[in-house]
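# Structural description and commentary
Next come the chains, spelled out residue by residue.
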Amino acid sequence: DYLTITNSVSLQPLTNSWSLFFVGKLGTLSAANGDFPQIIGSRPWNAGADKGWAFCIYRIISAISVHFADGTTGFDAPVCYANTALSTTTLQLWQIDIDVVNKKVNFYKNGSLDVSRTPTFPSSTINQTNPIYIGREIQGANSRKFPRSEEHTSELQSRFGISYAVFCLKKK
């Protein structure tokens with residue numbers, strides 16, 4: 001009921017910049033979904049500096065947020081998020097660029113810059129080897145699975161809050 005991808009060097013940020021392209025609209029989220037329901041990522045959801053990366057929804061404000069850390073330093077979802085909430089009625093194209101060189105995270109909605117954040121970037125390599133999960137939070141109090149198949153659309157909308165999603169990760 002969620003998608004797992006075997007991790008490989010090509011899916012590890014290491015010290016590179018990354019982009020995520022995401023098309024979707026938001027359904028109803030509740031506390032049962034956790035504070036930061038994960039869209040896609042590799043990271044255990046236990047502490048802010050846990051090694052790994054994740055793109056998730058900051059439930060309280062219904063915005064896309066990002067975690068990017070090396071196990072000691074980096075940034076977590078509550079400090080790096082889009083200004084604009086996900087739409088509940090219209091599909092939106094989101095692009096999130098993690099620019100390691102310039103130490104910025106840029107959020108674009110439908111081709112226009114939504115916000116540019118300058119969080120504290122990791123000081124070393126992000127080389128976590130855990131599987132990549134799409135539609136599942138990992139470990140901790142928020143260890144929930146979110147269905148991904150088309151035949152579970154109403155369950156997807158109620159449990160995960162995403163009506164439709166297409167992903168593309170691009171390492172630069």
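Residues numbered from 1 in each chain as written. Predicted model: local features only at pLDDT ≥ 70, side-chain atom pairs only at ≥ 80, totals over all residues. Heavy atoms only, no water.

Pairing within the open sheet is antiparallel, and its 6 strands lie in the order β1-β10-β3-β4-β5-β6. The open sheet has two edge strands, β1 (3–5) and β6 (74–75), and neither has a second partner. Note: strand β3 (residues 38–41) against strand β10 (residues 132–134), 2 bridges, orientation antiparallel. If you follow Ile40 over to β10, its bridge partner there is Ile134. (Pairing = 2+ DSSP bridges. Helix = DSSP H or I, 4+ residues; strand = E, 2+ residues; numbered from the N terminus.)

Glancing now at the packing of aromatic side chains. Within this structure, the stated rule accounts for 6 aromatic pairs. Across the ring face of Tyr81, the terminal group of Arg117 is positioned such that the distance to the ring centre comes to 4.3 Å. (Phe/Tyr/Trp six-rings, centres within 6.5 Å; stacked < 30°, edge-to-face > 60°. Lys NZ or Arg CZ within 6 Å of the ring centre and 35° of its normal.)

The subject of this paragraph is the environment of Ile5. Within the fold, Ile5 resides in strand β1. Between the alpha carbons of Ile5 and Pro131 there is a distance of 5.7 Å; along the sequence they are 126 residues apart. Here Ile5 is in contact with Leu11, Pro131, Ile132 and Ile134, once residues within four sequence places are set aside. (Contact = heavy atoms within 4.5 Å.)

Turning to the pairing of strand β5 (residues 63–69), a few remarks are in order. Burial of β5 is extensive: 7 of the 7 residues sit out of reach of the surface. The pairing of strand β4 (residues 52–58) with β5 spans 7 bridges and is classified as antiparallel. Residue pairing in the sheet places Ile57 in a bridge with Ile64 of β5. Relative to β6, β5 runs antiparallel, the two sharing 2 bridges. Bridge assignment links Ala69 to a residue of β6, and that residue is Gly74. Here β5 hands over to β6 after 4 residues, with Gly71 in that stretch at a positive phi of 105°. (Buried < 20%, exposed > 50% of the residue type's maximum accessible area, 1.4 Å probe, protein only.)

Confidence in the prediction of the protein chain, expressed as mean pLDDT, is 76, and 70% of residues score 70 or more. For the protein chain, per-element mean pLDDT is lowest for helix α1 (residues 153–159), which scores 42, and highest for strand β9 (residues 112–117), which scores 98. Residue range residues 138–164 is modelled with pLDDT below 50. Its contacts to residues more than four positions away, or to other chains, number 78 contacts. (pLDDT = per-residue confidence, 0-100.)

The next thing to look at is the side chain of Ser19. Topologically, Ser19 is positioned in strand β2 (residues 18–24). Within the structure, the side chain of Ser19 is placed 2.5 Å from the side chain of Asp97, a separation counted as a polar contact. (Polar contact = N/O pair within 3.5 Å; in protein donor to acceptor, adjacent residues only side chain to side chain.)

Relative to the helices and strands, Ser116 is located in strand β9. Placed 12 residues apart in sequence, Ser116 and Lys104 show a C-alpha to C-alpha distance of 6.5 Å. Ser116 has contacts with Lys104, Val105 and Asn106, leaving out every residue within four places of it along the chain. For Ser116, the side chain forms a polar contact with the side chain of Asn106, separated by 2.5 Å.

As a further point, take the pairing of β9. Bridge analysis of strand β8 (residues 104–109) against β9 gives 5 bridges, and the strand direction is antiparallel. Across the sheet, the residue bridging to Lys109 is Ser112, located in β9. As consecutive antiparallel partners, β8 and β9 are separated by 2 residues, and within that stretch Asn110 has a phi angle of approximately 50°, a positive value.

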